[in-house]
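What follows is the residue order along each chain.
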Amino acid sequence: MIKLSLSLLGTLALVLGGASTDAVAQTPKRGGILKFAVSAEPPNYDCHAATSFAFIHPVRPHYNTLLKFDEPNYPKVKGDLAQSWTMSPDGLTYTFKLKPNIKFHDGTPMTSADVKASYERIVNPTGGAVSIRKAAYSDIASIETPDAQTVVFKLKARNASMLTNFASPWDCIYSAAKIKADPKFPEKNVLGTGPFKFVEHVAGSHWVGERFADYFEKGRPYLDGFRAIFITNTAARVNALQAGEVLSEFRGHSPADRDRLKAALGDKIVVHESPWICSLVVTFNTEKKPFDDARVRRALSLAIDRWKGAEALSKIALVRNVGGVLRPGYEMAAKEAELVKYPGYGKDINKARAEAKKLLEQAGVKDLKIKFLNRNIPMPYTPVGIFLIDQWRQIGVTVEHDQPETRAYITGLRGGNYEAGLDFNCDAVDDPNLQLAKFISADKSPINYGRYTDRKLDDLYNKQKGELDNKKRYALIREFEQHALNEAYSIPIIWWHRIIINWKQIKGWYMSPSHYLNQDLQDVWLDS
Amino acid sequence: MLRYTIHRALLMIPTLLGVAVLVFVLLRLMPGDIVEMRFLLEGGQVSPETLAAERARLGLDKEIWWQFYDWMTGIFVGDFGISMWTGRPVIGEIATRLELSMQVAIMATVLATMLALPLGTIAALYKDSWIDRLIQVFAIAGLAVPSFWLGMLIILGLLLNFNWIPPLTFTPIYEDPAKNLSQLIWPALAVGYRYMAVAARMTRSTILEVLQEDYIRTARAKGLYERLVVGRHAMRNAMLPVITVIGLEFAFLIGGLVVTEQVFNLNGIGKLFVDTVTRADYTMVQALVMLVAVFFILINFAVDLLYAVFDPRIRYN
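Residues numbered from 1 in each chain as written. Chains lettered and ligands numbered in written order. Predicted model: local features only at pLDDT ≥ 70, side-chain atom pairs only at ≥ 80, totals over all residues.

### What about the overall build of chain B?
What counts, and what does not: What counts as a helix is a DSSP run of H or I of at least four residues, what counts as a strand is a run of E of at least two, and both are numbered from the N terminus. Every C-beta atom is placed from the backbone, and the number of other C-beta atoms within 10 Å of a residue's own sets its class: buried at 20 or more, exposed at 12 or fewer, partly exposed in between. We call two residues in contact when the distance between their C-beta atoms, placed using the backbone, is within 7 Å.
Assigned secondary structure in chain B consists of 14 helices and zero strands. Once the C-alpha set of chain B is aligned to its principal axes, its extents read approximately 85 × 60 × 35 Å. Burial analysis of chain B (317 residues in total) assigns 38% to the buried set. In chain B, the proportion of contacts linking residues at least 24 apart, taken out of those at least 6 apart, comes to 73%.

What follows is the structure, given as structure tokens:
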């Protein structure tokens, strides 16, 4: 298995390296329209209120953020609107110097006042504006603008994820004048500083952007424009890709679609693969018996052969990697040697299942029957659900698979109308503050559906959040992970695996472990 | 005839009111709402306060009776509301898709009618012959094959043989007829085949029935040409049920091409229906259901009037 993991990481490195070498070796060409598919459609145009990749893919090319991820060197950040930045030694002040001559698409200059107004809208939205990531920025005490090119963020408490937050793809910088006049202006209008100007959005059909000639990065973007076509049906999307009607779809494909396209198109396409910042977790409703007993939950975790399951499921579903609470491969995630020590992650499945049976016996649970709530989306929920049913059957547990439509699934999880459910945890970036939020107490986390309170987890969460020393933070996260997996309120099963298929002429696009990143299309070009 | 027309028109009002109440209540009986769908679908870490504020903004915190009252009073002044998902007027959202759906429905109806009437008549006139059997096999295949599956076969056939698929976005026929037809002819064929099968079988059976009538025997006994017997006497009387079938099928096509539109990536009313029901976009679903109900009722009204035209007995009753 170590071999498998190494080869996977090697493949990732090759893919990333390959893309990078490609871009360096060839001189980018100007021109062309990039046509790509998007498998859903954004509800409105406001970055601060959006949560979906369907928003990022068509909208992100119109905007800039303060920082962004250095595409070939993820998770390193680099300046987007910011030219440089400093953090005070106490970690409580971040000072950003902005790049000069940045203009909005209407020709007005972008200054520090726009950055301040945009972040104030995120931290404290007014006038009916919606900001759904307020909590991530709650440590910001004040924002100052000593001059038009400088922004200073003062924090109430240290936050190890602050730089990552400033690179979040959701933190679009809006025009201060526009949002002052109407705080809801961005909901229905697209006015950014990004590489592409908004042309049209035909609801249900497509979205068009054209090159912004006054873009502050000289010579960019390379493309004349882009056309995002909304194709919700998977088969229609793959057909469109095969016919060359679209050159990519940037969320991800199943292994079956990859194999079909590879067979049909051969070397006309490039396949990019990466571990994905999305995990499937089984969450137990701790308000329902016997799931209030840690022994029962741990037994159900011990029964799952994650390693063999990952190997088998990766052939049919978009999952592949075994991991704990953080994405496998991420610098803060547990290494395999650490992972195998956690309950349910050992390599000897017979031993683990014997222990599971013993735990159930100690808890006085016989002939356990579970109604298992699962999402009705085939990929990857159904195959993973079936896998879990089989794993639990092997310790004598009977499972009824309940796959209602999505609305009922979400309401069931949130409302506590379930016993055990296949939940998910998807984020835009690798960030312990984001991913660990799934596991802290229900009164602290809106995505804890296990309905439990565990102050030890809350305390460790806060400590790691404020720890700026990476080594110490790593140790705190391991302690958090060990406790979370022992208690097994929510147990990670297998992490997703992202597969992107691009036609060969797409250059300058870099694979990342997130379908929310690297989508400003600033450096993308077409080798026609 | 005028009294008959007014009577039929007035019957539309309670029908529409019943549909309105039914769709309004049924939608709210389903678990979950649009706020959860919008913010939690991809695992967003959204606070309960934000969700509550959004519900209040959309009016979902009001009593159900008030919500119904707001909707009804809006409809009476021609305001069908704002889509809870996009924040845009639902009328505009529907109008964007209606042109495409109407065109597919019209094309499928024309194709189906042009084939169904002659095929059904020929099958009836040559009852139990090889021609009849051939037409019957063709028609039954049309009934047995789901339109979306036929659509998938068409797409795959085009892709594998010509490395081509129909355009993914809609171009109005008055802007570029060739591009428009290259997109819409395929779904029209896929749904028109089943439509044709239904109408052809109905034509055959009603003509067979009419051909047994005394007045047909009398017409033949008078020495009329068979062409006139069939064309003037049999066809006219056989058309009543066929018109009903064609009318109902046409109304169904406006909002019923749910899967076919997905297969061809058509931005039509059927796809909008699925999307909005999935998202629990109440205002949009309500408007769409009312639109389809109005279509069905108007088509039924037109069919009823045609009945009266074709059959004077209906007028006198």
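### Observations concerning the domain arrangement of chain A
All names here are of chain A. Put simply, the test is: Each domain's limits were defined by an automated method or a database of domain assignments. Each residue gets one label: Ala, Val, Leu, Ile, Met, Phe, Trp, Tyr, Cys and Pro are nonpolar, Asp, Glu, Lys and Arg are charged, and the others, such as Gly, are polar.
On domain assignment, one finds that chain A holds domain 1 (6-195 + 505-526) and domain 2 (275-497). Measuring from the centre of the C-alpha atoms in domain 1 to the corresponding centre in domain 2 gives 31 Å. Contact residues are listed per partner, giving 17 residues for domain 1 and 15 residues for domain 2. Looking at the side of domain 1 that touches domain 2, its residues break down into 10 nonpolar, six polar and one charged.

### Examining helix α17 (residues 470-487) of chain A
All names here are of chain A. Stated precisely, the cut-off is as follows: Here the expected length of a helix is defined as 1.5 Å per residue gap, with one fewer gap than residues.
Given a rise of 1.5 Å per residue, 18 residues ought to cover 26 Å, and the 25 Å separating the end C-alpha atoms of α17 matches this to within 8%. Here α17 has its buried residues at L476, I477, R478, F480, E481, A484, L485 and E487. Looking at the buried positions of α17, the neighbouring elements they touch are α9 (294-302), α11 (336-339), α15 (432-435), α16 (455-466) and β17 (490-503).

### So, the domain arrangement of chain B
Residue and element names in this part refer to chain B. Domain boundaries in chain B define domain 1 (18-76) and domain 2 (94-310). If you look at the interface, domain 1 gives 10 residues, while domain 2 gives nine residues. For the side of domain 1 that touches domain 2, the elements supplying multiple residues, two or more each, are α1 (2-29) and α2 (34-40). Split by residue class, the side of domain 1 that touches domain 2 holds eight nonpolar, one polar and one charged.

### So, helix α13 (residues 378-393) of chain A
Every α-helix carries 3.6 residues per turn, so stepping three or four residues along brings you back to the same face. All names here are of chain A. For the record, the criterion: The directions from the helix axis to the C-beta atoms are what the arc is built from.
The end-to-end C-alpha distance of α13 is 21 Å, a good match for the 22 Å that 16 residues give at a rise of 1.5 Å each. Here α13 has its buried residues at P380, V384, G385, F387, L388, Q391 and W392. Taken down its axis, α13 places every buried residue within 165° of arc, on the same side. Exposed positions of α13 whose direction lies more than 90 degrees from the buried face are P378 and R393.

### Quick notes on the pairing of strand β9 (residues 206-211) of chain A
All names here are of chain A. Inclusion rule: DSSP bridges decide pairing: two strands pair if at least two such bridges lie between them.
In terms of strand pairing, strand β8 (residues 196-202) meets β9 through six bridges, oriented antiparallel. When the bridges of β9 are listed, H201 appears paired with W207. The hairpin formed by β8 and β9 contains three residues between the paired strands, and G204 there has a positive phi angle of roughly 80°. For β9 and strand β10 (residues 225-230), the ladder comprises five bridges, and the chain directions are antiparallel. Across the sheet, H206 pairs through a bridge with I229, a residue of β10.

### Observations regarding the interface of chain B and chain A
Residue-level contacts link 42 residues of chain B with 38 residues of chain A. Of all the secondary-structure elements, those providing two or more residues to the side of chain B that touches chain A are α2, α3 (48-58), α5 (90-125), α7 (147-162), α11 (258-263) and α12 (269-279) of chain B. Looking at the side of chain B that touches chain A residue by residue, the class counts come to 19 nonpolar, 15 polar and eight charged.

### Things to note about the nonpolar core
Put simply, the rule is: Here, a nonpolar core denotes buried Ala, Val, Leu, Ile, Met, Phe, Trp, Tyr and Cys residues that are linked to one another through C-beta atoms within 7 Å.
Ranked by size, the top nonpolar core spans 232 residues in total, and within it V319 and V384 of chain A carry the most contacts. Among the elements that make up this core, the one with the highest residue count is helix α8 (residues 177-210) of chain B (14 residues). For V384 of chain A, the contacting residues outside a window of four places in its chain are L280, L313, A317, V319, L422, I493 and I494 of chain A.

### Structural notes on the sheet that holds strand β5 (residues 93-98) of chain A
Residues and elements named next belong to chain A. Put simply, the rule is: To obtain each axis, a line is fitted to C-alpha atoms, and for helices this fit is confined to the stretch in contact; angles are then taken between N-to-C directions over 0 to 180 degrees.
Strand order in the open sheet formed by four strands is β4-β5-β7-β6, with antiparallel pairing between adjacent strands. Edge positions in the sheet fall to β4 (82-87) and β6 (140-147), since each of these pairs with one other strand and no more. Strand-to-strand, the axes of this sheet are offset by a mean angle of 20°, without reference to chain direction. Of the pairings in the sheet, the one linking β5 to strand β7 (residues 150-155) comprises five bridges and is antiparallel in character. By the bridge assignment for β7, F96 is matched with V151.

### Considering the sheet that holds strand β1 (residues 33-38) of chain A
All names here are of chain A. The five strands are arranged β8-β9-β10-β1-β11 in an open sheet whose pairing can be described as mixed. Each end of this open sheet is capped by a strand with a single partner; those strands are β8 and β11 (248-249). Taken together, the six bridges between β1 and β10 define a ladder with parallel strand orientation. Each bridged residue has a counterpart across the sheet, and for F36 the counterpart in β10 is A228.

### Examining the packing of helix α10 (residues 226-256) of chain B against α12 of chain B
All names here are of chain B. Rules: What sets the label is the angle itself: under 35 degrees gives roughly parallel, over 145 gives roughly antiparallel, 65 to 115 gives roughly perpendicular, and the rest give oblique.
Relative to each other, α10 and α12 sit at 50°, their axes nearing to 6 Å. Comparing their axes, α12 and α10 come out oblique. Along its contact with α10, which presents I254, G255 and G256, the element α12 presents I269, G270 and F273. Partitioning the contact of α10 with α12 into residue classes produces three nonpolar, three polar and no charged.

### Observations regarding the environment of L359 of chain A
Residue and element names in this part refer to chain A. Residue position: L359 is located in helix α12 (residues 349-362). Judged by the 23 C-beta atoms lying within 10 Å of it, L359 falls in the buried class. In this structure, the C-alpha to C-alpha distance between L359 and R295, residues 64 residues apart in sequence, is 5.5 Å. Those residues within four positions of L359 in sequence are excluded, and the remaining contacts are R295, R298 and A299.

### With respect to the environment of Y345 of chain A
As for its placement among the helices and strands, Y345 of chain A is situated in the loop between α11 and α12. For Y345 of chain A, the residues in contact, after removing those within four places along its chain, are R306, L339 and V340 of chain A.

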